[in-house]
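Secondary and tertiary structure notes
For reference, the chains in residue letters:
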Amino acid sequence: MTTKVKKAYSLVPSQNQSLLDWKKQGKKAIGVFCHNIPREMIYAAGLLPIRLLGNTEPLQKAADRFRYCCYYSRSTFEMALRGDLDALDGLCMIDMCDTQRYGFGFWQKYLTKFPYIYFFIPILYTRATGALQFYMVELDYFKRSLEELSGNEITNQSLAEAIELYNKNRALLKEIYDLRGKGVLSGLEVAEAALSSTQMPPEKNNRLLSSLVEEAKNRNNPPFNGPRLHLSGSLMPNLDFFKLVEDCGGMVVSDDLCIGSRYFWEPIYTSLDPYEAIATCYSVDQKIMCPSMQNPESSEIRVAFITELMRRYNADAVCFVNQMYCGSHFMDYPYVSNALKEKEIPTLLIEMEQEVAPAAVKTRVEAFLEMLKEEKGE
Amino acid sequence: MATEERKTERAIKGVQSTRPVSKWLKTYFFDSFEAKKTGEKVIAWAGGYTVYEITHVFPMIIHMVDNFGAFMGTRQLSSRPIELAEGMGYSHSSTCSYYRNIIGYMLEGIGDPEFANVVGAPAPDIVLGGLQPCFMHGESFRILGRHYGVPTFVFDNPAIHPRMDIHEDEKNSWAEHSHCGGEYKHKVESHYMDYTVAQAKDLVAFLEKHTKTKYDEGKFREVLQLSDKQAEIFEQIWELRRAYPCPIGGNDMMALITPQLLLSGTELGVEIYEGVLKEVKEKVENKEGGIPEEKYRLVTDAIPPWYNMGGLYNYLREKGAISVAETYTMMWQQRLDLSLKPIETLADKIMRWYTLPSTRERADSHLRLLKRFDADGLLLWTPISCKVYPCWNSSSRDLAREYGYPVLELDIDQTDPRDYDDAGIKSRIDGFLEVIETRKRAQKG
């Protein structure tokens, strides 16, 4: 099944079979830089949102761009210059970190080959007075830009259908996470499934995930007794780290990653008018706070979310995998890790730049897992 | 905490009239400890947005955290607190050294007598933060507020969407703004104004509550008028910098950052600027430059290495190079739209700050300075722990090169001296000035 999931997509858009099949139907697709860009809105316009994740290739064309910024932003720019994103019809960046805010102009200036490069304005302080009203106006600009690109009107009906599809996707991913928690699926298999949902049309992905769920339910795996890790961070250009953990005798059983639970945990309301539901859920009612969110208590909310997931999936420890030069995650890290330590939860910090799992990281993960094994009395 | 020995010399001053600033600042630090003892004024640690005018309406003393970080750097006191913060888990490569500095200070600096004799800030009663300069500001102020367990106000400042960058002459967009403060002159959409005004009103309510003082609109109007007057004088000083030789260099202009922040809207702020204007005018009349022999006119920018201002600026001075313009020394002072209601004037100022407009606007600001101040080249500090300038600098570098200007980017850190490569930087400056010299000779034929 994992092979089937793997084959369904590629993180290089020009090699992503699902994307190429979509394009063959005469439809358009756009690359997005953050899960806070409402994917339902994009899909309701008849466009396919593809999450951009960068890669680990050395930088050549982008070597002197975004210095001292994360490898994600630099490698994505490199991919764009090299033509790896040419299967896309446009890109959508977001005012979610300094590199996006200050880098947007670069993309606009040097990547004129894309007919559509949009800068999306989210709400970072959800309790600020007037936040929803502000967001509604920005969302309307976004909506109109998507309609112009696609030539399709976003109607209440198309939006409601998109919400239903993606909510189903969210529910399936949650079910898959629960199956991993029970030891039926491995950390890597589940990460593959979550990643696939960011790279495929939701109907197709829902079919794939449904068959994974069915197949997994019939498995009869022995329970996993090794160290169970919660992975905390933003995103990764591949799943090498999940594999590394398994190679070292551990298992990732939960996460708060932008390519994991943070991306799908909370469904969009179906009780409201679809447009209003999107606006509310993506702005003032956001429940999962990433470190870029600026509510006074957003770090505390993050700690609560991590501990809730750890309880749900019986995790033993937290491993932070932060992108080097990511100010938001690294400013949040000391508080979050200390709060976890106060709860006697062991933590490990991995600073990731170009490679996700080089030899030095392997040594540290091995040592950490050994310690956890001892604690578990293995 | 033991203070460190000075590692570098102080920068040689080109003007004398900025001296009252550091004198005032020392008194300010000591007064703030006194105010903390008596409880007469609320101590606010602040940063992240240019709303200092509003604080003059309430009984409070502001400690501008970034400014404080810079001050610690200039006094060679930043290494120790930075190391302390790193020991707590604040990453060397990925978090801003201003905030590593202040977090380290927060942990050990306050109350240390040796340290407090040089510089100091009493613990805050409230914290005021915002997202205007960068995202780390928002996070940092939450950390400070949490540490001290005090009420914290966060101001959300979305970027001004690039759709509002509409120019009459798209090819020469750089020419369409003022060259001093308040760069962004485009029409800002009403929902931006509404959102910013709503938050400004919340800020006023927050300050009313925590200072137990009613907001006085009449008083605020007077403060804004003074701030605008200050900006007007500031513009005149800037205009005089176009003279040959340039009467006041970047190093001296750095001293005027503090008044832009803490004294905007005060009689003292106006008085200091008037003193500087007078001296600068005299220098222009006497054809006296900010350095003894002006050979090269540079636009220098971004956050400088505060701990080595002397070493750096004295070296440039020795080589005959003067910084004739910088955005960093002007960004907090801007003319105000006094036709609006006071809270709207404030909101308008907040939205027009340098970091919120598009990348093109920011690159344009450097090109405009190069042209208007007849500069020979662009020298940019790229602070390695900052996320704003590495992107901004690259865009300015590309644009300046398109227009034929030599550009030098120097990787430094603003407050952390441990990564500073003095010899390497001097050698690159030498090479850069040689390129300029060769071009000048070629132009002369």
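Quick summary incoming for the structure in this document. Computed from a predicted model, the values in this text were never measured in an experiment.

**Notes on the overall build of chain A**
Across its full length, chain A holds 15 helices and eight strands. Here the C-alpha atoms of chain A give a radius of gyration of 20 Å, agreeing with the 21 Å that 2.2 N^0.38 yields for 378 residues. Each principal axis of the C-alpha distribution contributes one length, and for chain A these read about 60 × 50 × 45 Å. Taking all contacts inside chain A whose residues are at least 6 apart in sequence as the whole, residues at least 24 apart take part in 73%.

**Things to note about the nonpolar core**
Core analysis: the biggest nonpolar cluster contains 264 residues, and A:Ile176 and B:Ala44 have the highest contact counts within it. Among the elements that take part in this core, helix α7 (residues 156-181) of chain A stands out by supplying nine residues, more than any other. Every residue in contact with B:Ala44, bar those within four places of it in the chain, is listed here: B:Thr55, B:Met60, B:Ile62, B:Pro124, B:Asp125, B:Ile126, B:Val127 and B:Leu128.

**Topic: helix α8 (residues 190-211) of chain B**
All names here are of chain B. The end-to-end C-alpha distance of α8, which contains 22 residues, comes to 31 Å, matching closely the 32 Å that a straight helix rising 1.5 Å per residue would cover. Residues of α8 that are buried include every one of Tyr192, Tyr195, Thr196, Val197, Gln199, Ala200, Leu203, Val204 and Leu207, and no others. Note on α8: the residue one or two positions beyond its end, Lys212, has a positive phi of about 55°.

**With respect to the sheet that holds strand β5 (residues 296-301) of chain B**
Residue and element names in this part refer to chain B. With parallel pairing, the four strands of this open sheet are ordered in space as β6-β5-β7-β8. Since the sheet does not close on itself, it has two edges, and those belong to β6 (321-325) and β8 (407-412), each with one partner. For this sheet the average axis-to-axis angle between neighbouring strands, irrespective of direction, equals 35°. The sheet contact formed by β5 and strand β7 (residues 377-383) spans four bridges and is parallel. Among the inter-strand pairings, Thr300 is bridged to a residue of β7, identified as Leu379. The sheet contacts of helix α16 (residues 389-402) involve β7 and β8, and relative to β7 the element is tilted by about 165°.

**A few points about the interface of chain A and chain B**
Counting from both sides, the interface comprises 41 residues of chain A and, opposite them, 43 residues of chain B. It is helix α14 (residues 327-342) of chain A that contributes the most residues to the side of chain A that touches chain B, nine residues altogether. For the side of chain A that touches chain B, a count of residues per class yields 23 nonpolar, 12 polar and six charged.

**Some thoughts on the packing of helix α8 (residues 187-197) of chain A against helix α10 (residues 240-247) of chain A**
Residue and element names in this part refer to chain A. Their axes nearest at 9 Å, the elements α8 and α10 cross at an angle of 170°. By the angle class used here, α8 and α10 are roughly antiparallel. Facing α8, whose interface residues are Gly187, Leu188 and Ala191, α10 presents Phe242, Lys243, Val245 and Glu246. Class assignment for the residues of the contact of α8 with α10 results in four nonpolar, one polar and two charged.

**Focus on the sheet that holds strand β2 (residues 47-51) of chain A**
Residues and elements named next belong to chain A. Here we have four strands laid out as an open sheet, ordered β2-β1-β3-β4, and parallel in their pairing. Of all strands in the sheet, those bounded by a partner on one side alone are β2 and β4 (116-120). Between one strand and the next, the sheet's axes are offset by a mean angle of 25°, whatever the strand orientation. In this structure, strand β1 (residues 28-32) lies alongside strand β3 (residues 90-94), joined through three bridges in parallel fashion. Bridge assignment links Gly31 to a residue of β3, and that residue is Leu91. Here helix α5 (residues 98-110) sits on the sheet and contacts β3 and β4; the angle it forms with β3, its principal contact strand, is near 160°.

Calculation notes
- Residues numbered from 1 in each chain as written.
- Chains lettered and ligands numbered in written order.
- Predicted model: local features only at pLDDT ≥ 70, side-chain atom pairs only at ≥ 80, totals over all residues.
- Helix = DSSP H or I, 4+ residues; strand = E, 2+ residues; numbered from the N terminus.
- Rg over C-alpha atoms; globule rule 2.2 N^0.38 Å.
- Contact = placed C-beta atoms within 7 Å.
- Core = buried A, V, L, I, M, F, W, Y, C linked by C-beta atoms within 7 Å.
- Buried ≥ 20, exposed ≤ 12 C-beta atoms within 10 Å, placed from the backbone.
- Expected span 1.5 Å × (residues − 1).
- Pairing = 2+ DSSP bridges.
- Axes fitted to C-alpha atoms, helices over the stretch in contact; angles between N-to-C directions.
- Nonpolar A, V, L, I, M, F, W, Y, C, P; charged D, E, K, R; others polar.
- Parallel < 35°, antiparallel > 145°, perpendicular 65-115°, else oblique.

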